[in-house]
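So the chains spell out like this:
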Amino acid sequence: MSNVHFLREPEPANTEQEEKRQHLFAKATELSGQFAQRGAELDRLGLPPRDEIEALRQAGLLSALHAPEIGGAGLSWLDGLRLVRIISRGESSIGQLLGYHYVNSQYVYWAAADARQAWVLGAETVERQLYWGAAVNPRDPGLVLERRGGHYVLNGRKTFSTGAHVSDRINVNATLEGKIANFVVPTDRPGYVAHDDWDNIGQRLSDSGSVEFRDFPVYERDFILPLAEPFDPPQVQATFNTPLIQLVFVNFYLGTAEGALAAALDYIRTTTRPWITSGVSRASEDPYILERVGELQAALKASVALADVAASAVEAALSKGRSVTERERGDAAIEAYAAKVNATHVALDVTVKVFELMGARATAAHYGFDRYWRNVRTHTLHDPVYYKAREVGDFALNDRIPQVSLYS
């Protein structure tokens, strides 16, 4: 029997919480518009987005998913991912950073061995509106912990660490005497060095350069899990960071594509000239442009709907807590990975084809319309989409759930 998940809107817990929810969506829409207006300039400068993260902080978006009991807005993952999509319409990198923060800051709630520790970290995050990053790339090992006196020191380098300069807290994986250590640390301790070496063609504001740890102090209180052997199977609930981060990818890809199409439609209305044999006085009446716009809009709407269905499926599985099974996790993950395959193709297609709608003059550098494609093209190489398609196909044909990793 096939596994079909239908989207169900979460019911607001109370009027006050719903008002917070509406406020956050309004602030996200407002900020997205501001980012879009400065998008070309921000992309050209490619600086660490300190002002943009501060804007998210002031808007209360960093605590959107935290529980109301500690001052958060208590939003669902479905709504959190929608916020990522909205912000990404204005600036893809900032949408990525918001989504990464949601996964990194929420991870401790379902992964930490001590629930009280997770709540303390969450309460501090809400009170101070902290931004969370991570240094856990599994294809880039090299962080090593060693005991020194009454604590530990961390040394090594990570080639990529999204939010390197703007993170207040980071999740870190390292080896300690042959075992795997998982801990959370503040970035203002001595020995944390963020390098200015992120020079990729896209996601230029994602602040994804390398970080280095030089005798960085780590204490017992920083550990969120017991030391583990390298091949110990993780507790199932603790593996939901992977389908959720993949859904972050899905939603900022789609938000970027929505932003590209919106910019293109505005350009067509105000600037594109009708083709000489079109027989119409305005480009917005050209039947070929109308047909292309309809095709792109339909594809985006379908991909967004698939993304929301996947978010609901993953959230439903995660809500089972420590009773969730490997099979339930796998079923939900496949929904996320199907959305990832679809969103990758749709976002790449939309961000390229908008130029066919706008015309040759839209390629002028000062418009910066190419940033939408460059952003999607850069990040869709994060992990090969054909491996995601293979997992979806293996599930459909052989009823085999994905092997758990930090990529699947």
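Quick summary incoming for the structure in this document. (Residues numbered from 1 in each chain as written. Predicted model: local features only at pLDDT ≥ 70, side-chain atom pairs only at ≥ 80, totals over all residues. Heavy atoms only, no water.)

**Section: the overall build of the chain**
From N to C terminus, the chain includes 11 helices and seven strands. For 408 residues, the compact-globule estimate of 2.2 N^0.38 gives 22 Å, and the chain sits close to it at 22 Å. When the 408 residues of the chain are sorted by exposure, 53% land in the buried category. Considering only residue pairs separated by 6 or more positions, the chain has 78% of its internal contacts joining residues 24 or more positions apart. Here the chain displays about 18,800 Å² of accessible surface, and carbon together with sulfur accounts for 54% of that area. Here the chain carries 42 positive and 51 negative side-chain charges, and the mean point of each set is 2 Å from the other. (Helix = DSSP H or I, 4+ residues; strand = E, 2+ residues; numbered from the N terminus. Rg over C-alpha atoms; globule rule 2.2 N^0.38 Å. Buried < 20%, exposed > 50% of the residue type's maximum accessible area, 1.4 Å probe, protein only. Contact = heavy atoms within 4.5 Å. Areas by Shrake-Rupley, 256 points an atom, 1.4 Å probe, with all protein chains shown as cover. Lys, Arg positive; Asp, Glu negative; His and termini not counted. Charge placed at Lys NZ, Arg CZ, Asp CG, Glu CD.)

**What to know about the side chain of Ser208**
Tracing the backbone shows Ser208 in the loop between strand 6 (192–194) and strand 7 (211–218). A polar contact of 2.8 Å, which involves the side chain of Ser208, links it to the side chain of Thr162. Reaching out from Ser208, the side chain makes a polar contact with the side chain of Ser206 at a distance of 2.8 Å. When residues no more than four places from it in sequence are discounted, the contact partners of Ser208 are Gln96, Thr159, Phe160, Ser161, Thr162, Gly163 and Trp198. (Polar contact = N/O pair within 3.5 Å; in protein donor to acceptor, adjacent residues only side chain to side chain.)

**Some words on the packing of helix 7 (residues 241–270) against helix 10 (residues 370–379)**
Viewed as axis vectors pointing N to C, helix 7 and helix 10 meet at an angle of 165 degrees, and their least axial separation amounts to 9 Å. With respect to each other, helix 7 and helix 10 are oriented roughly antiparallel. With respect to the hand of their crossing, helix 7 and helix 10 are arranged in left-handed fashion. Mapping the contact onto sequence places Phe249, Phe252, Tyr253, Thr256, Gly259, Ala260 and Ala263 in helix 7 and Tyr372, Val376 and His379 in helix 10. Classifying every residue of the contact of helix 7 with helix 10 gives seven nonpolar, three polar and no charged. (Axes fitted to C-alpha atoms, helices over the stretch in contact; angles between N-to-C directions. Parallel < 35°, antiparallel > 145°, perpendicular 65-115°, else oblique. Left-handed = near helix turned anticlockwise from the far one by under 90°. Nonpolar A, V, L, I, M, F, W, Y, C, P; charged D, E, K, R; others polar.)

**Side note on the pattern of salt bridges**
Pairing between side chains becomes possible if they bear opposite charge and their charged atoms approach one another. This model, assessed by the stated rule, comprises 33 salt bridges. Among the salt bridges present, the one from Asp43 reaches Arg374, with a minimum N-O distance of 2.7 Å. With a gap of 331 residues between them, Asp43 in helix 2 (residues 39–45) and Arg374 in helix 10 connect regions that are remote in the sequence. Under the relative-accessibility criterion, Arg374 is labelled buried at 13%. The salt bridge involving Asp331 is made with Arg327; its shortest N-O contact spans 2.9 Å. Separated by four residues within a single helix, Asp331 and Arg327 lie in helix 9 (residues 326–358), roughly one turn from each other. By relative accessible area, Arg327 is classed as partly exposed at 31%. Look at the salt bridges and you will find they share partners, linking Glu18, Arg21, Asp79, Arg82, Arg85 and Asp308 into a network. (Salt bridge = Lys/Arg side-chain N within 4 Å of Asp/Glu carboxyl O.)

**With respect to the environment of Lys340**
Note that Lys340 resides in helix 9. The exposure class assigned to Lys340 is buried, which follows from its relative accessible area of 1%. Separated by 216 residues in sequence, Lys340 and Glu124 place their C-alpha atoms 33 Å apart. Filtering out sequence-adjacent residues up to four positions away, Lys340 remains in contact with Gln246, Phe249, Val250, Tyr253, Asp383, Val385 and Lys388. Within polar-contact distance, the side chain of Lys340 engages the side chain of Asp383 at 3.3 Å.

**Considering the pairing of strand 4 (residues 169–176)**
Counting buried positions over the eight residues of strand 4 gives six, a clear majority of the element. Judged from the four bridges that link them, strand 1 (residues 132–135) and strand 4 form a sheet pairing that is parallel. Within the sheet, the bridge partner assigned to Trp132 lies in strand 4 and is Arg169. Where strand 2 (residues 144–148) meets strand 4, two bridges bridge the pair, whose relative direction is parallel. Each bridged residue has a counterpart across the sheet, and for Leu145 the counterpart in strand 4 is Leu176. With eight bridges connecting them, strand 4 and strand 5 (residues 179–186) associate as antiparallel partners. Bridge assignment links Asn173 to a residue of strand 5, and that residue is Asn182. Connecting strand 4 to the antiparallel partner strand 5 that follows it, the hairpin turn spans two residues, and Glu177 within it adopts a positive phi of roughly 50 degrees. (Pairing = 2+ DSSP bridges.)

**Considering the packing of aromatic side chains**
By convention here, two paired aromatic rings are described through the distance between centres and the angle between planes. Applying the stated criterion to the full structure yields 16 aromatic pairs. Look at Tyr367 and Phe369: their rings are 5.2 Å apart centre to centre, the planes differ by 10 degrees, and that puts the pair in the stacked class. Overall, the relative accessible area of 28% leaves Tyr367 in the partly exposed class. Judged by relative accessible area, which is 10%, Phe369 ranks as buried. By the ring-pair criterion, three or more aromatic residues cluster together here, those being Tyr100, Phe249, Phe252 and Tyr253. Across from the ring centre of Tyr337, 4.5 Å away, lies the NZ or CZ of Lys388, which sits over that ring. (Phe/Tyr/Trp six-rings, centres within 6.5 Å; stacked < 30°, edge-to-face > 60°. Lys NZ or Arg CZ within 6 Å of the ring centre and 35° of its normal.)

**Quick look at helix 8 (residues 287–318)**
Taking 1.5 Å of rise per residue, 32 residues should cover 46 Å, and helix 8 covers 47 Å from first to last C-alpha, within 8% of that figure. Where helix 8 begins, the capping side chain belongs to Asp286, and its oxygen is found 2.8 Å from the backbone nitrogen of Tyr288. (Expected span 1.5 Å × (residues − 1).)

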